[in-house]
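# Notes for the structure review
Listed below are the residues making up each chain.
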Amino acid sequence: VVAAVIVAALLVATPALATSRVAFSRGGDIFTVEPDGSRVRRIVSRPALEHMPTWSPDGSRIAFLSFDRRIVVVDADGSDRRVLYRLPRMFEGITGLTWSPDGTRIAFAIANEKHPDHPGGPKDCGQIRWMSAAGGPTHVVINGEPHITGISWSPDGAMLAIGFEHQNMTRSCGDDRPLGIATVRVDGSRLHGLGADLATDPDWSPDGRWIAYRDWRRTCHVCGEIWVVRPNGSRDHVLTPVPAPEGGLRMPRYSPSGKR
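Residues numbered from 1 in each chain as written. Predicted model: local features only at pLDDT ≥ 70, side-chain atom pairs only at ≥ 80, totals over all residues. Heavy atoms only, no water.

## Details of the overall build of the protein chain
Condition: Counting from the N terminus, the helices are DSSP H or I runs at least four residues long and the strands are E runs at least two residues long. A simple rule labels every residue: compare its accessible area, found with a 1.4 Å probe on the protein chains alone, to the largest value its type can have, and call it buried under 20%, exposed over 50%, or partly exposed in between. Per-residue and other accessible areas were derived by the Shrake-Rupley procedure at a 1.4 Å probe size, with only the shown protein chains allowed to occlude residues.
From N to C terminus, the protein chain includes zero helices and 21 strands. Of all 260 residues assigned to the protein chain, the portion counted as buried reaches 49%. Of the roughly 12,200 Å² of accessible surface on the protein chain, a fraction of 52% belongs to carbon and sulfur atoms.

This is the structure:
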């Protein structure tokens, strides 16, 4: 059973904000809350289900996905709603969303049902694109890869951490590609697997020294533990084992200080 609430952005604070707040989705709406659980506030309530909220680096805006196939940005209080991107019908859905460290770009992952090289049957091919945080044209980073399960920008803005996973499709894409956590330069070069094959939901630490991720090598697929690894693939180890009654952990996110 997948948890009903997935926290998709954690503890983003800047001097311009009075307090740090957590953004999360529940029941198809977007909320924010204090780290101690107080002052829950609904900031987005629309007919289309909204999910995967992600804070901008300066804490002033939240980007999120809607089930009507759009990437949307709002101010931290829910005002000034702007649609940045509408996914064409040839693609199945958006599976990841992340701001660049300087807040000028947004990278996102797409799953498409059929690869143009194999139009005769279904395929779950992943690709990553980025665009200006103000909207506009998109730029392809990688294409024809396995299904993408999360992306995170490196603190210097030069690379992306990616989660790759083969889905239960007739044919998969990227059979020769590394599964689990990988890194790639924003120009699409130097795609490199880090060795964790059963891993998703990467998040790069603010100091650039670690990548946290969900791993299910010791649990069931819908469960998971929190692991960390160096960006070069070394010192891979479990950080938070799953307590038996809890079922599983998902979507780790570093605090801005990197201490939590």
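There's more to say after this.
## What to know about the confidence of the model for the protein chain
Quick note on the threshold: Each residue carries a pLDDT score, the predictor's confidence in it, ranging from 0 to 100. Working rule for contacts: check all heavy atoms of both residues, and any pair within 4.5 Å makes them a contact.
Residues at a pLDDT of 70 or more form 83% of the protein chain, whose mean pLDDT is 84. Between residues 1-19, whose pLDDT stays under 50, and residues either more than four places distant or in other chains, the model counts 50 contacts.

## Description of the packing of aromatic side chains
Describing an aromatic ring pair means giving the distance of the ring centres and the angle of the ring planes. Our working definition: To pair, rings of Phe, Tyr and Trp, with the six-membered ring standing in for Trp, must have centres within 6.5 Å; the planes then decide the type, stacked if under 30 degrees apart, edge-to-face if over 60, and tilted in the middle. A ring has a charge above it when a Lys NZ or an Arg CZ is no more than 6 Å from the ring centre and no more than 35 degrees off the ring normal.
Inspection of the entire model under this criterion finds two aromatic pairs. Residues phenylalanine 24 and phenylalanine 31 carry aromatic rings whose centres are separated by 5.4 Å and whose planes lie at 15° to one another, so their mutual orientation is stacked. The same class applies to phenylalanine 24 and to phenylalanine 31, which are both buried. Note on tyrosine 85 and phenylalanine 108: the rings are 4.9 Å apart at their centroids and 45° apart in plane angle, and the pair reads as tilted. Placement of tyrosine 85 in strand E8 (residues 82-86) and of phenylalanine 108 in strand E10 (residues 105-112) is noted, with a sequence separation of 23 residues between them. Using a relative accessible area of 9% as the deciding quantity, one classes tyrosine 85 as buried. In this structure, arginine 26 packs its charged tip against the face of phenylalanine 31, placed 4.5 Å from the ring centre. Directly above the ring of tryptophan 210 sits arginine 230, whose terminal nitrogen or CZ lies 3.9 Å from the centroid.

## Considering the side chain of arginine 214
Rules: Side-chain atoms alone can form a polar contact between residues adjacent in sequence; in general such a contact is a pair of N or O atoms within 3.5 Å, and within protein one must be able to donate a hydrogen while the other accepts it.
If you trace the backbone, arginine 214 turns up in strand E19 (residues 211-215). In terms of polar contacts, arginine 214 uses its side chain to reach the backbone carbonyl oxygen of cysteine 223, at 2.7 Å. With sequence-adjacent residues up to four places away left out, arginine 214 is seen in contact with Leu198, Ala199, Thr200, Asp201, His221, Val222, Cys223, Gly224, Glu225, Leu249, Arg250 and Pro252.

## Examining the state of the cysteines
Defined as follows: Any cysteine sulfur atom paired with another within 2.5 Å is treated as part of a disulfide.
Under the counting rule described, the total for this entry stands at one disulfide. Disulfide partner of cysteine 220: cysteine 223, at an S-S distance of 2.0 Å. Residues cysteine 220 and cysteine 223 share a disulfide whose torsion about the S-S bond is about 70°; that sign makes it right-handed.

## As for the sheet that holds strand E16 (residues 180-185)
Worth spelling out the cut-off: At least two DSSP bridges between two strands are required for those strands to pair.
Reading across the sheet, the four strands line up as E13-E14-E16-E17 and stay open at both edges, with antiparallel pairing between neighbours. Both edges of this open sheet fall to strand E13 (147-153) and strand E17 (192-193), since each of them pairs with a single strand only. Taken together, the six bridges between strand E14 (residues 159-165) and E16 define a ladder with antiparallel strand orientation. Bridge pairing in E16 places alanine 161 opposite threonine 183.

## Quick word on the pattern of salt bridges
So the rule is basically this: Any carboxyl oxygen of Asp or Glu within 4 Å of a side-chain nitrogen of Lys or Arg constitutes a salt bridge here.
Tallied over the full model, the rule gives 10 salt bridges. Its salt-bridge partner being aspartate 80, residue arginine 82 comes within 3.4 Å of it at the nearest N-O pair. Of the residues examined, arginine 82 reaches a relative accessible area of 28% and is grouped as partly exposed. Here glutamate 225 and arginine 218 are joined by a salt bridge, their closest N and O atoms 3.0 Å apart. The buried category is assigned to glutamate 225, whose relative accessible area is 5%. Connected through salt bridges with shared partners, the residues Arg21, Glu34 and Arg39 form a single ionic network.

## Description of the sheet that holds strand E6 (residues 61-66)
How we decide: In this analysis an axis means a line fitted to C-alpha atoms, helices contributing only their contacting stretch, and an angle means the value between N-to-C directions, from 0 to 180 degrees.
The strand order across the open sheet formed by four strands is E5-E6-E7-E8, and the pairing between neighbours is antiparallel. The outermost strands of the open sheet, each flanked by one partner alone, are strand E5 (50-55) and E8. Mean inter-strand twist for the sheet, computed between neighbouring axes without regard to direction, equals 25°. Pairing of E6 with strand E7 (residues 70-75), which is carried by six bridges, proceeds in the antiparallel orientation. Residue pairing for E7: serine 66 is matched across the bridge by arginine 70.

## Some thoughts on unusual backbone geometry
Of note, arginine 69 is a non-glycine position whose phi angle comes to about 70°, a positive value. By the element assignment, arginine 69 lies in the loop between E6 and E7. Positive phi is not limited to glycine here, since methionine 251 has a value of about 50°. Positionally, methionine 251 belongs in the segment after strand E21 (237-240).

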